[in-house]
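Examining the three-dimensional arrangement
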Protein chains: 4
Amino acid sequence: MTATTTTTTAPPDIVRVAYVDLVVTDLDRARAWWVDLLGFHVEATEPNALYLRGYEEFVHHSVVLRQGPIPACARIGFRVRTPDDLDLAERFFGERGCPVQRVPAGATLGLGPAVRAVDPLGFTIELVHEMQRVEPLVQRYDLRHGASINRLDHVNIAIPDVAAAYDHYTALGFGLSETIEDTSDGTLYAAWMFRKQTVHDVAFTLGSGPMLHHIAFAVPESHNILGLCDRIGALDQAHYIERGPGRHGVSNAFYLYLRDDDGHRIETYTTDYFTGDPDHEPIRWDVHDERRRDFWSNPVVPTWYQGSVGVLDLDGNPVAVREQDPTERTVTVGADGLGVMVET
Amino acid sequence: MTATTTTTTAPPDIVRVAYVDLVVTDLDRARAWWVDLLGFHVEATEPNALYLRGYEEFVHHSVVLRQGPIPACARIGFRVRTPDDLDLAERFFGERGCPVQRVPAGATLGLGPAVRAVDPLGFTIELVHEMQRVEPLVQRYDLRHGASINRLDHVNIAIPDVAAAYDHYTALGFGLSETIEDTSDGTLYAAWMFRKQTVHDVAFTLGSGPMLHHIAFAVPESHNILGLCDRIGALDQAHYIERGPGRHGVSNAFYLYLRDDDGHRIETYTTDYFTGDPDHEPIRWDVHDERRRDFWSNPVVPTWYQGSVGVLDLDGNPVAVREQDPTERTVTVGADGLGVMVET
Amino acid sequence: MTATTTTTTAPPDIVRVAYVDLVVTDLDRARAWWVDLLGFHVEATEPNALYLRGYEEFVHHSVVLRQGPIPACARIGFRVRTPDDLDLAERFFGERGCPVQRVPAGATLGLGPAVRAVDPLGFTIELVHEMQRVEPLVQRYDLRHGASINRLDHVNIAIPDVAAAYDHYTALGFGLSETIEDTSDGTLYAAWMFRKQTVHDVAFTLGSGPMLHHIAFAVPESHNILGLCDRIGALDQAHYIERGPGRHGVSNAFYLYLRDDDGHRIETYTTDYFTGDPDHEPIRWDVHDERRRDFWSNPVVPTWYQGSVGVLDLDGNPVAVREQDPTERTVTVGADGLGVMVET
Amino acid sequence: MTATTTTTTAPPDIVRVAYVDLVVTDLDRARAWWVDLLGFHVEATEPNALYLRGYEEFVHHSVVLRQGPIPACARIGFRVRTPDDLDLAERFFGERGCPVQRVPAGATLGLGPAVRAVDPLGFTIELVHEMQRVEPLVQRYDLRHGASINRLDHVNIAIPDVAAAYDHYTALGFGLSETIEDTSDGTLYAAWMFRKQTVHDVAFTLGSGPMLHHIAFAVPESHNILGLCDRIGALDQAHYIERGPGRHGVSNAFYLYLRDDDGHRIETYTTDYFTGDPDHEPIRWDVHDERRRDFWSNPVVPTWYQGSVGVLDLDGNPVAVREQDPTERTVTVGADGLGVMVET
C-alpha cells in the first residue's frame, strides 16, 4: 500500500471510536461469552450476527459479532460529527491513495450512510454519522450483569511502524495523550491518541500487523473487574484471563485483559482521566520503566505483546501480516518484575 | 439588568467550567477543611489566598479561596478553546447588555488574559484561554488523601428562572443532558447542561438567587466518598455532611453533599456518563419521581434546596438576591421517601 | 410468664444464632424478593416452605420462609456445641419456668433433634446441634447474585425491657460488645451480645414487644450493598429501602435496612470486628451521641424504632405485644442530624 | 529435636495467634515501612523496639519490631483463655521434650506472665493470657492510613514436614479448614488450621525450614489493598510487591504479598469465611488445581514458595534450616497459568 503524506483537505471531524465489526467462528459460543459472561446488552440479533452495546451507550451497537470462517476484525468504526464529514472522509482517504467505498444506510443494521476505507496502516475503517438511537439503559441495574459494561472506550492496534500510525492519526486530528518510547534514541514503541476527552480512542502497539491488538470497554468501578475475575474462576475458565487485573501506568486505568474463544483480546477498563483541555500535553514513559504497563510492576505476559486477530480488507479477505521484530517485549521482558515469563 | 434575547455573533467556544473563585471568612480554617479533610492539592499560596487543584488537573487551579468579610462566590471561570474566543466572549456578553471587563494576564495567579462579565442571570463569570500548566499529579497516590479529589466537575447555580438560564446557556452553546420538570405543565425545575463530554458543566436549581448552589468535584470511586464520611464521623464533625451519600437519579453519579464552615456547599461525585455524541438527547425526569435526586428515594434534606452563598458583582459587591417561591421543594417534600423533613 | 432469676445448671454452650423460621403471606412473592432480589441460595423447597442459605453457610439453611396467614417470626434458632447441650437447654429453660418442648430430628427439614422454649422475654427459640451439611458454595461466584448474601449474622429483637434481655442472655453465656444507654442515669436503650466472635448474635431494641426487630445477613463488601440499592432503584421499588446505606456507630459495620412485602426487616451488613478475646470489653454509646446508629449522623427514620413482625408461641399462635413508651426514638428524634422526620 | 507423639495432658486452650516478635536490621527504615506505608498504629516505642497494632486490636500489640543483626522471627505468640492455660502449656510442651521457659510479666512490654517453648517443629512460640488493654481505635478513621490494617489474622510457617505440623497443631486443639495435597497419593503440601473462627491462625507451607513464611493482617476491603499497591507504585518501590493482588482459592480471601526491606513477607488479606461451627469440614484442593493459590490462576512467583526469614531459639540464636526438595513449586510451576516463571 502506498500512502501519500500530504493532503490539502481538512480531515473529517471524528467524534470518537464507535464500534468494531468482528468475525467469530461460533456465534452461540460467542454470545455466551460476550453477553452472559462479559455483560453486554443484546440490542438486535440476526441469524448470523449479534449487535451488542454497553449500558451507557445510547446508540444501536458498539460491537457486531458475525459468524465467519476465521476470527478477524472486519472493520473499526468511527463516528463523525456531521453528514458532511463523510465527504471529507472520502476525500481524506482518497488523497492518500487508499481504497474507499461509500455504503448506503442500513448496510449495517442501525447505521446510516458510511464511508469505508483501507487506511495507510492496512486497517479497514468505517466512518458514519447516523447511528440509530435506542432506549437508554444507564440505570437499568436490574439488567446489568457480568462486568457491567458501560461503553466502548478504545481500540488498540498492532502495527510494525508506530511512528507511521502516529503520523496518520495526527493528520486525522487526533491528540496524543501518552507514549512509550526509548527516551535515549526516540524509538516509539506505543502511543495513545484521542478524539473524545479520554486518554484514547485508538492506541498503537509495536508488533506484527496490521492486527487488532485489543478492544477496551469502560466499566463503572474496579470491583466490577474483580467480580468478573471471580466469576471466571468459579467457572474454572481462567484461561480466559490473559493479564491482570492491575493498574496501568499509561492512562492510570484499572484493567483486565481477556481472550475469548476465538482469541479476540478484550480489556475491561475503568477510571482514566480527562484530556479535553486545548493544550493537553502527552506523558512520555521510557520503555524501561517497569511501571509503564503495570503501575505495580507486575510482569507483562509475553503473549500480550502479540496482536489478537488479523484484519479484513474491503472485500472481506484477510490482509497479509508483516512480521515485526524486535518489539517492546524484546527490550523489556526480563526487566519486568521479579522474573522472566517463558512461553510453554 | 436588561438582557437582549438575540445576538448576531457566534458564542465563544467554551471547553469546560474551569474554576471558582470563592470568598471564605477564615483562610486557615478553610485550608484545614479543603486541603486536609477534603483532599485538595495546594498549588500556590498567597497571604490572603489559596490556589487549589485536584490530582487529575494539569493546570494551575480549579479553586481559589480568598479571605474576605462574607462567604461568597466571586467568579465562576470557564476555559475557552482559543485566545480569539475572548473577543467573541466580549461581544457575546456586550450584545446582551451585560457589564463586561477585560483583565490582563496575571490578574489571577496562573491565568492569562481574561474577560469578565455579569451574565444575564446575575453571575459574574470569567472566560480565559491560557492557564498555567503544572506538574501532573495523576499517579501521585503517595500524595492523594481525603476523598482523592480528581477535578472540578461542575457548578450548580440557584436562580428564580430556570428557563431563562436554560436559554442563556443554550445560546452559549451548551448541550442539555437532563431536566427535572413538571411533565404535565412543562414547568422547568432544574436542568443540566454541558460543554465537556460529561453530564454537565453547569446546572440550575430553582430557588432564590442568583446564588451559588454547589460546586462538585470528581473523585475516583464510591469508596473514596464513603471513606470521607468515615473520617468526618471519626472527627465528630458530621454537621459537615448535608446529604448523602447516595446515587443520583439525574446523572447516575454517586454523590455526597458537604457544607464547609462558611456554608459553601461541595459535592463529591463519581461515575456519570459520556455525553459527547452529536445527537445526544436529554433525559427528562418528572418532578414527582422520587428517584430523580436520589435513585434510592432517600429524602432530600430541605436545606439542600437553598443556595449556599451569594455572588459578587464585578466590583466585588454582593448581588441582591431575588426570592423565589415555590421551589422544587415545595412540590416534592412530603413525597420524598417515607417521611417529611422539618427544619429545626 | 414467670421467670425465675436463678439457676443451678450450666447453660447450653451456644455456638451462634443459626436460623430464623418466618411466616410470609405469599410464598411466591417472598421467593422473588428473598432469592431473586436479595440474593439467597435456595437449598430446598416444599409446597408451603422455602429453605434458604447464604453462600458462606455450610449447613442446610439459615432462613425458613413458610406460607401463613400473618407475617410473623415463628422461631429463632441457635446452634449448640454438642448433643448434650440439648439436655442443658431443656433444664436451663425449665428452671426458668419457661414452656419447653423436645422435637425430633426432621421436625424441620435439615435439622436434628431440637429443644424449643418460650424464653423469659416471650420469644420462641429453638436449640439444635445437628444441622445437615450441604455443598460448599463459597466460591460459586457464578451463582452469587443480589447482595451476595454470605451468612446470617445476627437477630435483633424489640422488647420493653432491655435490662431483662441483657440479664437473660448473660445467663445464657453471651458476652456484651456494645450498648446504647443514658450515661447520666444508666437507662439501657439497646445492647449487643455475642457467642460467636463477632459483635453480636443477638441485639435488643427498646420498644413494644416481644417482636422481631430485624435479621441481618453478612455480605462481602460495601459495594455489594450499594449495588443492591441500585437494583432496587432500577426496579422502582425504593419502598423496600427503609434506612441507609450508612456506617453504624455501634459495630462499625456498613449497613442497609430493607422491609420485605410482609414487613420483615432485613439488614445487609458487612465488616464488623473480632470480639473473641477472653477479656473483650464493651463499648458504651450515650443515647444522645448522634453517631451511635449512623456514624455519619444521618437521621434514623422513625419507623425504624418499631419492631417489624410479631412472634409466635409454641403452638404457632401470636404472642401479645406489650406496648412500650418512651423508646430511644422519643429521646433522640429531633436530635438526629439536621432535622426531624415526621411520619406521613 | 525429638518430639514424643503422645501426651496425657489436655492442651492449653489457645484463643488465637496474637503477635509476632521480629528482628529487623534498621528500625527507622522498618518504621517507615510498617507504619507509614503499611498502616500500623504505633502503640509504644523503646530505643530498640517498636510495638505495633492494627486499628481493630484492643490489646497492646500484634507486632514487635526489634533492632538486631539479622532479620528473623524471634517468637510467635498465642493468647490462651485463662491464666491456668499457662500451666497446661508448660506441661504440654514439656511432655514433648521441648525446651520450655516461664517468663515474668513485663518481659515484653504489654504482656503478662508467659510460657516460651521451642515446639517440635523448631519454632519458638510464646503463650500468654494477660495482654494490656489499650484505647479502642476501630473508628479512628482520621488515623487509619496505608492499607488500614485491622488485625493480625494468621501466621504461615515453612517446614519440611507438613504432616508433622498438622499432627502437632491437631494435638494443640486446632481445627483444619483447608489443605493442598496430592489427591492421588495423599502427600500434604500445605494446610490451614484455626482456633479463632476464621480460616486460620497458622498455616504450613512445604519448604526448607523452620522458617517464617509470612504473617498476614486483615484489612477492611479489597480497595484498601489496591490503594496500597497504588501508593507503592507512586513511590516507585514496586519491588516491595511480591505477588498479587488476587483472590485466593484457599480461604477465598483477597490478598497481596509484600516483602519489607529485611525480607519479611507480609500479606494483606480480607474477607475469608466463618469456621466456628462444631463440625466444620475441611476443603481439600488438589496440588494440580491451578486455582488453589490464585483463584484466577495467575501464576505464583517462584520465590513465594520459599520461607521469608529464619527463626531464633530460646537464647536468640538462629535455628539451623533443614533443606527440603521437592516442594509444591516443583510439582506445579509450569502448570500455573500461561507460562513458567524463571528466576533471574
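Residues numbered from 1 in each chain as written. Chains lettered and ligands numbered in written order. Predicted model: local features only at pLDDT ≥ 70, side-chain atom pairs only at ≥ 80, totals over all residues. Heavy atoms only, no water.

Here's the deal with the packing of aromatic side chains
A complete count under the given rule lists 64 aromatic pairs over all chains for this structure. Where W33 of chain C meets W34 of chain C, the ring centres are 5.9 Å apart and the plane angle is 65°; that geometry is what we call edge-to-face. An aromatic cluster is defined as three or more aromatic residues linked by ring pairs; in this entry it consists of W33, W34, F40, F217 and Y240 of chain A. Here R243 of chain A stacks its cationic end above the ring of W304 of chain A, 4.6 Å away from the centre of that ring. (Phe/Tyr/Trp six-rings, centres within 6.5 Å; stacked < 30°, edge-to-face > 60°. Lys NZ or Arg CZ within 6 Å of the ring centre and 35° of its normal.)

Things to note about the interface of chain B and chain A
On the chain A side, the residues contacting the 38 residues of chain B number 38 residues. Of the roughly 3200 Å² buried between chain B and chain A on both sides combined, carbon and sulfur atoms contribute 49%. For chain B, the biggest contributors to the area lost against chain A are R133, Q139 and F274 of chain B; these three give 19% of the whole. Run the count over chain B and chain A and you get 21 residue pairs in polar contact (both at pLDDT 80 or more). Looking at the side of chain B that touches chain A, the elements with two or more residues in it are strand 1 (14–24) and strand 5 (72–80) of chain B. (Contact = heavy atoms within 4.5 Å. Buried area = accessible area lost by both parts, 1.4 Å probe. Polar contact = N/O pair within 3.5 Å; in protein donor to acceptor, adjacent residues only side chain to side chain. Helix = DSSP H or I, 4+ residues; strand = E, 2+ residues; numbered from the N terminus.)

Description of the relation of the copies chain C and chain D
When chain C is fitted to chain D, the best match, at an RMSD of 0.0 Å, comes from turning it 180° and sliding it 0.0 Å along the axis. The two molecules are tied by a two-fold rotation axis, judged by turn and shift. In this assembly the copies share their binding face: 97% of the residues contributing to the interface of chain C also contribute to that of chain D. (Least-squares fit on C-alpha atoms with pLDDT ≥ 70 in both.)

So, helix 2 (residues 84–95) of chain B
Residues and elements named next belong to chain B. With 12 residues, helix 2 extends 17 Å from end C-alpha to end C-alpha; this agrees with the ideal 16 Å at 1.5 Å per step. Within helix 2 the residues assigned to the buried category are D85, L86, A89, F92 and F93. With its buried residues spanning 120° around the axis, helix 2 presents them on a single face. Turning to helix 2, the residues buried within the fold contact strand 5, strand 6 (100–103), strand 7 (114–118), strand 8 (124–128) and helix 3 (162–171). Looking one or two residues beyond helix 2, the residue adopting positive phi is G97, at roughly 75°. (Expected span 1.5 Å × (residues − 1). Buried < 20%, exposed > 50% of the residue type's maximum accessible area, 1.4 Å probe, protein only. Arc of directions from axis to C-beta.)

Description of the pairing of strand 10 (residues 175–181) of chain D
Residue and element names in this part refer to chain D. In terms of burial, strand 10 is a largely internal element, seven of the seven residues being buried. Pairing between strand 10 and strand 11 (residues 188–194): six bridges, direction antiparallel. Note that in strand 11 the partner of E178 across the bridge is W192. Count of turn residues in the strand 10/strand 11 antiparallel hairpin: six residues, of which G186 carries a positive phi of about 80°. (Pairing = 2+ DSSP bridges.)

Let's talk about the interface of chain C and chain D
Taken together, the contact between chain C and chain D spans 38 residues of the former and 37 residues of the latter. Buried area between chain C and chain D, summed over both chains or domains, comes out near 3200 Å², and the portion from carbon and sulfur atoms is 48%. Applying the counting criterion to the chain C and chain D interface returns 10 salt bridges. In this structure, R133 of chain D and D279 of chain C form a salt bridge, with 3.5 Å as the shortest nitrogen-oxygen distance. Inspection of the region where chain C meets chain D yields 21 residue pairs in polar contact (both at pLDDT 80 or more). Within the residue set of the side of chain C that touches chain D, elements represented by two or more residues are strand 1 (14–24) and strand 5 (72–80) of chain C. Looking at the side of chain C that touches chain D, its residues break down into 13 nonpolar, 11 polar and 14 charged. (Salt bridge = Lys/Arg side-chain N within 4 Å of Asp/Glu carboxyl O. Nonpolar A, V, L, I, M, F, W, Y, C, P; charged D, E, K, R; others polar.)

A look at the relation of the copies chain B and chain A
When chain B is brought onto chain A, the operation consists of a screw motion whose angular component is 180° and whose axial shift is 0.0 Å, with 0.0 Å RMSD remaining. Of the residues that chain B buries at the interface, 100% are likewise interface residues in chain A, meaning the two copies contact each other through the same surface.

Let's talk about unusual backbone geometry
Residue and element names in this part refer to chain B. The omega torsion of the bond from G244 to P245 falls at 5°, within 30 degrees of zero and hence cis. With respect to the secondary-structure elements, P245 resides in strand 14 (residues 241–247). The phi angle at S251 is positive, at roughly 85°, despite the residue not being glycine. Structurally, S251 can be placed in the loop between strand 14 and strand 15 (254–259).

Here's the deal with the domain arrangement of chain A
Residues and elements named next belong to chain A. Taken domain by domain, chain A holds domain 1 (14–128) and domain 2 (151–332). With centres defined by C-alpha atoms, the gap from domain 1 to domain 2 works out at 19 Å. Domain 1 puts 44 residues into the contact, and the matching count from domain 2 is 43 residues. Carbon and sulfur atoms make up 73% of the surface buried where domain 1 meets domain 2, a total of about 3500 Å² over both sides. Taken as a group, W33, L121 and F123 account for 19% of the area that domain 1 buries against domain 2, more than any other trio of residues on that side. Summed over the shared surface of domain 1 and domain 2, the result is one salt bridge. (Domains from an automatic or database assignment.)

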